[in-house]
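Structural description and commentary
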Amino acid sequence: MRSIKCKVIFGKIFCGLFLTIILTVSTSSVIAQQHLKLHYDKPAQNWNEALPLGNGQLGLMAFGNPSKEHLQLNEETVWAGEPGNNVPSNTASQINEIRSLLFQGKNQEAQNLSNQTFPRQSPANLNYGMPYQTVGDLWLTFPGHQVYNSYYRELDISNAISTVSYKVDNITFKRKVFASLTDDVIIMKITADKPKSVSFTLGLSSTQKDHQVKQVRGYLQLSGNGGSVDNKLGKVKFEALVMPIVKGGLIERTDSSLTVSKADEVIVYISIGTNFINYKDLSAEPLIKAKSILNSAIAKKYDQAFAAHQKKYKLFFDRVTLNLGDSNQSKKTTDVRIKEFANHADPQLVALYFQFGRYLLISSSQPGGQPANLQGIWNDKNSPPWDSKYTVNINTEMNYWPAEITNLSEMHQPLFSMLKDLAITGKQSASKMYNARGWNMHHNTDIWRITGIVDGGFYGMWPMGGAWLTQHLWQHYLFTGDTKLLKENYPILKGAAMFYLDVLKQEPKTKWLVMAPSMSPENTYEKNVGVTAGATMDNQLIFDTFNNLINAAKVLKTDQSFSDSIATALAMMPPMQIGKHNQLQEWLQDLDRPDDKHRHISHLYGLYPSGQISPFRNPQLLEAAKNALIYRGDKSTGWSMGWKVNWWARMLDGNKAYKLISDQLTPAPMETKGQSGGTYPNLLDAHPPFQIDGNFGCTAGIAEMLLQSYDGNIYILPALPDALNEGRIAGLKARGGFVLDIEWKNGKLTKLSIQSTLGGNCRLRLSDKVSLTGNAKLIKSAGENSNHFYQVNTIKDPRLSKEANLKGIKIPQTNLFDFNTVAGKTYIFTAL
């Protein structure tokens, strides 16, 4: 790897790996949207069939049972435990000794010392992170509704609302539920097509050890605490309030329930408040908060409330529309479509799955709140798998891969807010554990922003979490040109770079600067040994961290001396290496095994989400990365297959990327032991069990098949599969602030619209299937003379690798086109 060389021209930054014109974000014109509903002909029999709704703060799973409706409730700040970091004291000497053993080749001894220093069982005075927990459950019991017909259940992701309808004794009952983005409550409307037919009983329950339910002046109140785990006391207090507003009926009250009789309609409001203010402050009054939210919500008419929610939701969701064609499969229920996807053409399910990922991100990550965790915001347990924490050796980052390219930049904000916290708490781990400046974290964190080692000295010895998370700040800048946010967060980038500047050490044999001890996440190179020096992923992450700092300093015209010291260290980093099996090496030494099928293929970070490996700049490395991926195989856990979609898209193999999507869209096993991957009937990803990252990974991968902008140009339809040879997408974002609408037919581009928000040069890459010369024209959009053409220059690829002439290495044949743009203008290519 080499340092990126950058220069600033007319205030725009041009970088070797990311040649971009920095503009501002914008929206796009809307094209025809396909039917975007998950629908079923029976109630949910379990959690993996229930339907997720959320507004960032509140999450619910709706089951849709006619006789006993079940709404499982979450609130984003209900976690176990209390404020406090998990950084041990006086471990710097042991870390130095582990490094020394690695440099001597005593790998097993190094692993043993790491395990002893950071035991698998949490020490008495520390913890390995707190679990995200459920609030409880709302039950609506409808007498006489055990026998029903004409049942229909749906989740409309175009409007973020779920509907259930059915008939009992020829009376049609309907329930509509949504989590309001504007009023911070959950609202359910219950109606019947015959007056005085709505009767049911409301009750609340919770699996929290410390809770109580009572009826107070016409509303139900669930009071509780987050749990106590390890040595941490449960100090998050919550209050959930449920208020029915009844039209034309009566309400009977007991100590812990409400019964509605013979109503025309009922609107049920749910608010939840906690004492959480931030990771170190639990001084809020949850009941006051919940009551205030509830009172404001019930003051509005239902139609008003839904219209406001819908407007805000569609402001985000409608920015991107996708139409991939249709088939008779879309008439079938969603669970059947998943079962039959592998053997029945169903392009609309791909579009639905893509948009479902965007729906989930909007619903689980709203500005001002917490980031989406391992399960987004949906969890029915107090001790969920992997605690539903923030696992930052892949999973948390994958959650946010769709944020920029699918035009949801605002949803990135909670992650940036968490980074500000981690840059503070991470100073403790950097200083106490490594005697270093700056900040760092390891492979997990939670709502308390812990930064120490989690899960012991094997899985936990990975001090690279900050390096990966900070990539999102720089990528946000590349997509949006938001210099204000970049300046605000520059200290975070600097603190991360400073940590690695201090801890990198010279490897004795190669003299390269390496990170040690660390690991290639969760994998081994000797039996039970993972701790290592100079893992390829570490080198790639630090390469990006250092370059981001250098480029950010140039944009902000600051910190020249520090930037120079970073550049000096960068020049001494290891390059990526090709091993004896013609594979990209995972470790500093050539230790890869072709029979290794591990789910983590971390050394391909350089291919995606980074852009250090390109088919055009370094085809030999691309071939080596492809071989490494082939050795690992296709079938894996859900998130791993989601990552593989993106890798195959970056390797320009659309058919293989689509094959991984097909593997993902297979029914998930209900038993988790020894099983891998797939999709549950409610379209949620299976690790198994449920993890949300696979949903987000596949959404990002589908976008990457249609548009790439990491390599100094905007590549249109780079990995289009044969199965999707006709379609339209509008609103995808490219680095440089461009927003694109793309149409294609028979696998060929037919129309391209590019919106530029601040002007500057636009460089397009098109496959040799499409030529603009004599085949298309460039015109200005509405308001301009349609005969006014703009010069499009065909150019040679300045980034084409010298490896192009190497025997056996094939570089895809493409054309590059340059043209200048004006801020606020839209440019349209149309085939002649």
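Let me begin by describing the structure that accompanies this report. (Residues numbered from 1 in each chain as written. Predicted model: local features only at pLDDT ≥ 70, side-chain atom pairs only at ≥ 80, totals over all residues. Heavy atoms only, no water.)

**Quick look at the overall build of the protein**
Scanning the protein from N- to C-terminus turns up 19 helices and 33 strands. Its C-alpha atoms put the protein at 80 × 75 × 50 Å along the principal axes. Within the protein, buried positions represent 65% of all 832 residues. For the protein, restricting intrachain contacts to residue pairs at least 6 apart in sequence, the fraction spanning at least 24 positions comes to 70%. For the protein, the exposed surface amounts to about 29300 Å²; the carbon and sulfur share of it is 49%. (Helix = DSSP H or I, 4+ residues; strand = E, 2+ residues; numbered from the N terminus. Buried < 20%, exposed > 50% of the residue type's maximum accessible area, 1.4 Å probe, protein only. Contact = heavy atoms within 4.5 Å. Areas by Shrake-Rupley, 256 points an atom, 1.4 Å probe, with all protein chains shown as cover.)

**Points about the environment of Gly56**
By secondary structure assignment, the location of Gly56 is in the loop between strand E4 (51-54) and strand E5 (58-62). Gly56 gets classed as buried once you look at its relative accessible area, which sits at 2%. Between the alpha carbons of Gly56 and Asp184 there is a distance of 9.0 Å; along the sequence they are 128 residues apart.

**Let's talk about the nonpolar core**
Counting residues in each nonpolar core, the largest one holds 228 residues, and the members touching the most others are Leu138, Ile157, Phe200, Val268, Tyr359, Ile716 and Leu740. Leu740 has contacts with Leu707, Ile714, Ile716, Ile729, Ala730, Gly731, Leu732, Ala734, Leu752, Ser753 and Ile754, leaving out every residue within four places of it along the chain. Listed in part, the 17 residues of the second largest apolar core include Phe178, Tyr219, Tyr269 and Ala290. (Core = buried A, V, L, I, M, F, W, Y, C linked by side-chain atoms within 4.5 Å.)

**Description of the sheet that holds strand E25 (residues 714-716)**
Taken together, 5 strands build an open sheet; the order of strands is E24-E25-E29-E32-E31 and the sheet is mixed. Only two strands of the sheet have a single neighbouring strand rather than two, namely strand E24 (707-708) and strand E31 (793-795). Strand direction decides the pairing type here: strand E29 (residues 760-767) and strand E32 (residues 814-821), joined by 8 bridges, are antiparallel. Counted as the bridge partner of Arg763 is Asp818 from E32. (Pairing = 2+ DSSP bridges.)

**Quick notes on the packing of aromatic side chains**
Applying the stated criterion across every chain, the model contains 26 aromatic pairs. With a centroid separation of 5.3 Å and 15° between ring planes, the pair formed by Tyr313 and Phe317 is classed as stacked. With Tyr313 and Phe317 both in helix H4 (residues 302-317) and 4 residues apart, the pair spans about one turn of that helix. As far as the burial class goes, Tyr313 and Phe317 line up, both buried. Aromatic ring contacts, followed pair by pair, group Trp401, Trp468, Tyr605, Tyr608, Trp643 and Trp647 into a single cluster. Seen from the ring of Tyr40, Arg153 lies directly overhead, with NZ or CZ sitting 4.5 Å from the centre. (Phe/Tyr/Trp six-rings, centres within 6.5 Å; stacked < 30°, edge-to-face > 60°. Lys NZ or Arg CZ within 6 Å of the ring centre and 35° of its normal.)

**Here we look at the pattern of salt bridges**
In total, this model carries 31 salt bridges according to the counting rule given. Between Arg319 and Glu410 there is a salt bridge, with its nearest N and O atoms 2.7 Å apart. With Arg319 in the loop between H4 and strand E19 (321-323) and Glu410 in the loop between helix H8 (402-405) and helix H9 (413-434), the pair connects residues that are 91 residues apart, well separated along the chain. According to the relative accessible area criterion, Glu410 is partly exposed, its value standing at 30%. Among the ionic pairs, Lys626 bridges to Glu623, the shortest N-O distance being 3.9 Å. Placement of the pair is Lys626 and Glu623 together in helix H16 (residues 619-632), with a separation of 3 residues, close to one helical turn. Through salt bridges with shared partners, a single ionic network connects Glu586, Arg593, Asp595, Asp596 and Arg632. (Salt bridge = Lys/Arg side-chain N within 4 Å of Asp/Glu carboxyl O.)

**Some points on the sheet that holds strand E6 (residues 68-75)**
Pairing in this open sheet of 7 strands is antiparallel, and the strands run E4-E5-E6-E7-E12-E17-E16 from one edge to the other. A strand with exactly one partner marks an edge of an open sheet, and here the two such strands are E4 and strand E16 (250-253). Neighbouring strand axes in the sheet, compared pairwise and without regard to direction, differ in orientation by 20° on average. (Axes fitted to C-alpha atoms, helices over the stretch in contact; angles between N-to-C directions.)

**Description of the side chain of Thr396**
Looking at the secondary structure, you find Thr396 in helix H7 (residues 395-399). Sequence-distant contacts of Thr396, defined by excluding residues within four places in its chain, comprise Tyr390, Thr391, Leu415 and Leu469.

**Quick word on the pairing of strand E28 (residues 748-755)**
Pairing analysis gives 7 bridges linking strand E27 (residues 738-745) to E28, with the strands arranged antiparallel. Residue Trp744 lies in a different strand from E28, and its bridge partner there is Leu749. What sits between E27 and E28 in their antiparallel hairpin is a turn of 2 residues, with Asn746 showing a positive phi close to 55°.

**Focus on the packing of helix H17 (residues 638-650) against helix H18 (residues 654-664)**
Relative to each other, H17 and H18 sit at 165°, their axes nearing to 8 Å. On the basis of the axis angle, H17 is roughly antiparallel to H18. In this structure, H17 crosses over H18, and the sense of that crossing is left-handed. Contacts between H17 and H18 involve Gly638, Met641, Lys644, Val645, Trp648 and Ala649 from the former and Lys656, Ala657, Leu660, Ile661, Asp663 and Gln664 from the latter. A per-class count over the contact of H17 with H18 returns 7 nonpolar, 2 polar and 3 charged. (Parallel < 35°, antiparallel > 145°, perpendicular 65-115°, else oblique. Left-handed = near helix turned anticlockwise from the far one by under 90°. Nonpolar A, V, L, I, M, F, W, Y, C, P; charged D, E, K, R; others polar.)

**Things to note about helix H2 (residues 107-117)**
In an α-helix, one full turn covers 3.6 residues, which means residues spaced three or four apart are oriented alike. Of all the residues in H2, the buried ones are Asn107, Ala110, Gln111, Leu113, Ser114 and Thr117. Down the axis of H2, the buried set is contained in an arc of 160°. They therefore lie on one face. (Arc of directions from axis to C-beta.)

**Here we look at the side chain of Ser67**
Along the chain, Ser67 falls in the loop between E5 and E6. The buried category is assigned to Ser67, whose relative accessible area is 17%. Setting aside its immediate chain neighbours within four residues, Ser67 contacts Leu140, Thr141, Phe142, His145, Gln146 and Arg175.

**Observations concerning the environment of Ser767**
Structurally, Ser767 is set in strand E29. C-alpha separation for the pair Ser767 and Pro812, spaced 45 residues apart in sequence, amounts to 7.9 Å. Setting aside anything within four residues of it in sequence, one finds Ser767 in contact with Tyr715, Gln813, Thr814 and Asn815.

**Focus on the environment of Ser261**
By the secondary structure assignment, Ser261 is in strand E17 (residues 257-263). Owing to a relative accessible area of 28%, Ser261 belongs among the partly exposed residues under this scheme. Residues Ser261 and Phe200 lie 61 residues apart in sequence; the distance between their C-alpha atoms is 6.7 Å. When sequence neighbours within four positions are dropped, the list of residues in contact with Ser261 reads Val198, Ser199, Gly249 and Leu250.

**So, the packing of helix H1 (residues 92-103) against H2**
In a pair of packed helices, the angle between the axes and the distance between the axes together describe the arrangement. Relative to each other, H1 and H2 sit at 165°, their axes nearing to 8 Å. Classified by the angle their axes make, H1 and H2 are roughly antiparallel. The two elements H1 and H2 meet at a crossing, and its hand is left-handed. Touching Gln94, Glu97, Ile98, Leu101 and Leu102 of H1 are Asn107, Glu109, Ala110, Leu113, Ser114 and Thr117, all from H2. In the contact of H1 with H2, the residues fall into 5 nonpolar, 4 polar and 2 charged.

**Let's talk about the pairing of strand E15 (residues 237-247)**
Here is the key point about a regular strand: its side chains alternate between the two faces of the sheet. Across 6 bridges, strand E14 (residues 219-225) lies against E15 in antiparallel orientation. Residue pairing across strands places Asn225 opposite Lys237, the latter belonging to E15. In terms of strand pairing, E15 meets strand E18 (residues 265-274) through 10 bridges, oriented antiparallel. Bridge pairing links Leu241 to Ser271 in E18.

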